[in-house]
Amino acid sequence: MERKIIKIDQEKCNGCGLCVDACHEGAIALVNGKATLMHEHYCDGLGDCLPSCPVNAISFEVREAPAYDHAAVMAAQKAKTGSGCPGSQMKTMQPGIGVVANVESQLRQWPVQIKLVPVNAPFFHQADILIAADCTAYAYGNFHQKFMKNKVTLIGCTKLDQVQYADKFTEIFTYNDIRSITVVRMEVPCCGGMEYAVETAIKNSGKQIPLEVVVISNDGRIL
């Protein structure tokens, strides 16, 4: 079948290995000091590895490749580590000692799901936008006051949503006067797809939009 899959420029690759760590599917490995796509059917085409490469050696291409095999990925990861995707690993944490009572919602618009919001919605005019991975609001206790206040909020998950986020964001950024963008993502590798999609969309829009990226740990800290 013909589908989108990553391509690694061996001449540009400096062998840092950051893409290997970022690829939560285990599709990439270092071979003779160079990053190599070892298992084409492990690559889901989301590009979580792209933003990790410091020399821009990784890109997308559309070509004949075997279909993404999620079951094979999970089986390989379980065999290797005894667990699945790093973003799905179980962990028990102690709740924070600080309690904020009677917190008012800072949500300013509806809908909030990226795949549902119209690209020409009036609330985008001269807006400061918060683009957040779904899990961040549950991990960070003071999410509304810290991140949502005075912003248009968009949420989603690049791992689970069947949406080409970069294309959707490109339309939003191109056709609206956006003042700033804040991306809040989790520390897990699969959340890198959200950051990459926003960066790609800003570039595609041809605009200079200020961007801030905040990474939240699984236990609710800002990293």
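Our subject is the structure that appears above.
Because the structure is a prediction, the values reported are computed rather than measured.

Visitor: Can you walk me through unusual backbone geometry in this structure?
Guide: Leaving glycine out, the prevailing phi sign among residues is negative, and the prevailing peptide bond configuration is trans. With an omega of 0 degrees, the peptide bond between Trp110 and Pro111 qualifies as cis. Looking at the element boundaries, Pro111 is found in the loop between α2 (70–81) and β5 (127–133). Not every positive phi belongs to a glycine, and Asn32 is a case in point at roughly 55 degrees. Overall, the relative accessible area of 80% leaves Asn32 in the exposed class. Phi is positive for Asn150, close to 65 degrees, though the residue is something other than glycine. Relative to the elements of secondary structure, Asn150 occurs in the loop between α4 (143–148) and β6 (152–156). According to the relative accessible area criterion, Asn150 is exposed, its value standing at 52%.

Visitor: I tried to follow the nonpolar core on my own but got confused; where do I start?
Guide: Counting residues in each nonpolar core, the largest one holds 24 residues, and the members touching the most others are Phe124, Ile131, Phe169, Ile172, Phe173 and Ile181. Elements supplying a minimum of two residues to this core: β5, β6, α5 (165–175), β7 (178–186) and α6 (192–205). In contact with Phe173, other than residues within four places in its own chain, are Ile131, Ile178, Ile181, Val198, Ala201, Ile202, Ser205, Lys207 and Ile209. The next biggest cluster of nonpolar side chains, apart from the first, holds 21 residues, and it includes Cys19, Ala35, Cys43 and Cys53.

Visitor: Honestly, empty space enclosed by the protein in this entry has me stumped. Any pointers?
Guide: To locate leftover empty space, one rolls a probe as large as a water molecule over the atoms. Evaluation of the coordinates by the stated rule reveals two cavities of 30 Å³ or more. Volume-wise, the largest cavity comes out at about 80 Å³. Within the lining of the largest cavity, the residues separate by chemical class into six nonpolar, two polar and three charged. Volume-wise, the second largest cavity comes out at about 70 Å³. The wall of the second largest cavity is formed by Ile8, Cys13, Asn14, Cys16, Gly17, Leu18, Cys19, Ala35, Cys53, Val55, Ala57 and Ile58. A per-class count over the lining of the second largest cavity returns ten nonpolar, two polar and no charged.

Visitor: Teacher, can you tell me more about the sheet that holds β6 here?
Guide: The strands making up a sheet associate through backbone hydrogen bonding, with each pair oriented either parallel or antiparallel. An order of β6-β5-β7-β8 is seen for the four strands of this open sheet, with the pairing classed as parallel. One side of each edge strand has no neighbouring strand; the edge strands of this open sheet are β6 and β8 (211–216). Sheet twist, expressed as the mean angle between neighbouring strand axes with direction ignored, is 20 degrees. The sheet contact formed by β7 and β8 spans six bridges and is parallel.

Visitor: Help me understand the pattern of salt bridges in this model?
Guide: Side chains that differ in charge, positive against negative, can pair when their charged atoms come close. Within the structure shown, the criterion is met by five salt bridges. When the shortest N-O distance is used, the salt bridge between Asp128 and Arg179 registers 2.8 Å. Within this pair, whereas Asp128 is found in strand β5, its partner Arg179 is found in strand β7, the two being separated by 51 residues in sequence. Look at Asp128 and you get buried, because its relative accessible area is 17%. Connected through shared salt-bridge partners, Glu40, Glu61 and Arg63 make up one network.

Visitor: Mind showing me how you'd approach the environment of Ala201 here?
Guide: Considering the arrangement of structural elements, one finds Ala201 in helix α6. Not counting the four nearest positions on each side in its chain, Ala201 is found in contact with Ala166, Phe169, Thr170 and Phe173.

Each value, and the rule that gives it
Residues numbered from 1 in each chain as written. Predicted model: local features only at pLDDT ≥ 70, side-chain atom pairs only at ≥ 80, totals over all residues. Heavy atoms only, no water. Helix = DSSP H or I, 4+ residues; strand = E, 2+ residues; numbered from the N terminus. Buried < 20%, exposed > 50% of the residue type's maximum accessible area, 1.4 Å probe, protein only. Core = buried A, V, L, I, M, F, W, Y, C linked by side-chain atoms within 4.5 Å. Contact = heavy atoms within 4.5 Å. 1 Å grid on protein atoms, 1.4 Å probe; cavity = no way out; pocket = protein on both sides within 12 Å on 5 of 7 lines; lining within 4 Å. Points joined across faces, edges and corners; volume = space filled by probe spheres on them. Nonpolar A, V, L, I, M, F, W, Y, C, P; charged D, E, K, R; others polar. Pairing = 2+ DSSP bridges. Axes fitted to C-alpha atoms, helices over the stretch in contact; angles between N-to-C directions. Salt bridge = Lys/Arg side-chain N within 4 Å of Asp/Glu carboxyl O.

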